[in-house]
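Structural features, examined
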There are 2 protein chains.
Amino acid sequence: MKSLLIVAHGSRRQASNDEVRQLAECISKQTEEFDFVHSGFLELADPSIPQGLEDCIAKGAKEVVVMPYFLAAGRHVVEDIPAEVDPIIEKYPQIQITITPHLGHLQIMPQAIMHLAGETKF
Amino acid sequence: MKSLLIVAHGSRRQASNDEVRQLAECISKQTEEFDFVHSGFLELADPSIPQGLEDCIAKGAKEVVVMPYFLAAGRHVVEDIPAEVDPIIEKYPQIQITITPHLGHLQIMPQAIMHLAGETKF
């Protein structure tokens, strides 16, 4: 049983947090690899990252892939997310928990920006 | 003369700001639509958004497209970026300045996440 936890910053603006939750739901419908797709927030929204991981494990996950939904490898990606994840890794040594590169790491970003700026069609 | 201004949050971590600057440079090499591609930061890094716009105008831009390099439409996208851009629009009524939707608005995001999570190839 494999889970995907999409980790976002979290916002005071509820619609912004709901965007992330809807994204998780959308992926949940499309994925063939993950049995459960969930979201977690670093700040300002629920569930927290540790609680999101606990939710996945409570659903029976033996493997959880944590995906930092961040564009730049700032302090949140480099320090804060691992600091939230590490205690859960220690607490559940039998569960395989991994963190992927952050979203901005993807090579498609220049094309995505040009698309938004009206130049390129996907 | 048309400019693209990529607007990011800005980070205390210099490497993160450099990622955004490198992205602007990368787009600059690929674009056929924009004569000048620049970056601007909401906080913690230079140039600020107003200064980034001024830089574009000083280079001769008659049109500037502002692209919020943000994943979720939180307060920064909905309020803070327009609040930085509006005074420049008022200052230069002869320059056409527009703000595109934020990056997270793109329909490719679910595929991008599944790609990072190891499921989908682009």
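Residues numbered from 1 in each chain as written. Chains lettered and ligands numbered in written order. Predicted model: local features only at pLDDT ≥ 70, side-chain atom pairs only at ≥ 80, totals over all residues. Heavy atoms only, no water.

1. Here's the deal with the nonpolar core
Threshold: Joining through side-chain atoms within 4.5 Å is the link that ties buried Ala, Val, Leu, Ile, Met, Phe, Trp, Tyr and Cys residues into a set, and such a set is a nonpolar core. Relative accessibility decides the category of a residue: with a 1.4 Å probe and only protein chains considered, values under 20% of the type maximum give buried, values over 50% give exposed, and everything between is partly exposed. Pairs of residues are marked as contacts when any of their non-hydrogen atoms sit within 4.5 Å.
Y69 of chain A together with Y69 of chain B are the most contacted members of the largest nonpolar core, which has 48 residues in total. Other than its neighbours up to four places away in sequence, Y69 of chain A contacts I6, V7, A8, V20, L23 and L103 of chain A together with L71, G104, M109 and I113 of chain B.

2. Some remarks on unusual backbone geometry
Residue and element names in this part refer to chain A. Defined as follows: Every helix listed is a DSSP run of H or I at least four residues long, and every strand listed is a run of E at least two residues long, numbered separately from the N terminus.
Along the chain, D46 connects to P47 via a cis peptide bond; the corresponding omega equals -5°. With respect to the element layout, P47 can be found in the loop between β2 (36-41) and α2 (49-58). At L44, a position not held by glycine, the phi torsion is positive, near 65°. Structurally, the position occupied by L44 is in the loop between β2 and α2.

3. Focus: the sheet that holds strand β2 (residues 36-41) of chain B
Residues and elements named next belong to chain B. Rules: Paired strands, in this sense, are two strands between which DSSP finds at least two bridges. Only the stretch in contact is used when a helix axis is fitted, and all axes are lines through C-alpha atoms; the angle between N-to-C directions ranges over 0 to 180 degrees.
The sheet built from four strands is open, its strands ordered β2-β1-β3-β4 with parallel pairing. Each of the sheet's edge strands pairs with one partner strand only, and the pair in question is β2 and β4 (96-99). Averaged over neighbouring strand pairs, the angle between their axes works out to 20° when direction is ignored. Sheet topology places strand β3 (residues 63-68) next to β4; four bridges connect them, and they run parallel. Looking at the pairing, V66 lines up with I99 of β4. Contacting β1 (2-8), β2, β3 and β4, helix α2 (residues 49-58) crosses the sheet at an angle of about 165° to β2.

4. Thoughts on the relation of the copies chain A and chain B
Basically, it comes down to this: The fit set for superposing copies consists of C-alpha atoms from residues with pLDDT of at least 70 in both; the fit itself is least squares.
Screw-axis analysis of chain A against chain B gives a translation of 0.0 Å along the axis, an RMSD of 0.0 Å, and a rotation angle of 180°. The superposition of one copy onto the other is thereby described by a two-fold rotation axis. Considering only C-alpha atoms, the residue of chain A closest to the rotation axis is L71 of chain A, which sits at 3.6 Å. Here 100% of the interface residues in chain A have copies in chain B that are interface residues too; the copies meet face to matching face.

5. Re the interface of chain A and chain B
What counts is decided by this rule: Put simply, buried area is the surface a 1.4 Å probe can reach on two separate parts but cannot reach once they are joined, added for both. For this document, the term salt bridge refers to a Lys or Arg side-chain nitrogen within 4 Å of an Asp or Glu carboxyl oxygen. Put simply, Ala, Val, Leu, Ile, Met, Phe, Trp, Tyr, Cys and Pro go in the nonpolar bin, Asp, Glu, Lys and Arg in the charged bin, and everything else, Gly too, in the polar bin.
Taken together, the 44 residues of chain A in the interface contact 44 residues of chain B. Summed over both partners, the interface of chain A with chain B comes to about 3,700 Å²; 70% of that surface belongs to carbon and sulfur atoms. Counting across the interface, chain A meets chain B through zero salt bridges. Per-element accounting of the side of chain A that touches chain B gives the leading share, eight residues, to helix α4 (residues 109-116) of chain A. Its residues assigned to classes, the side of chain A that touches chain B comprises 26 nonpolar, 11 polar and seven charged.

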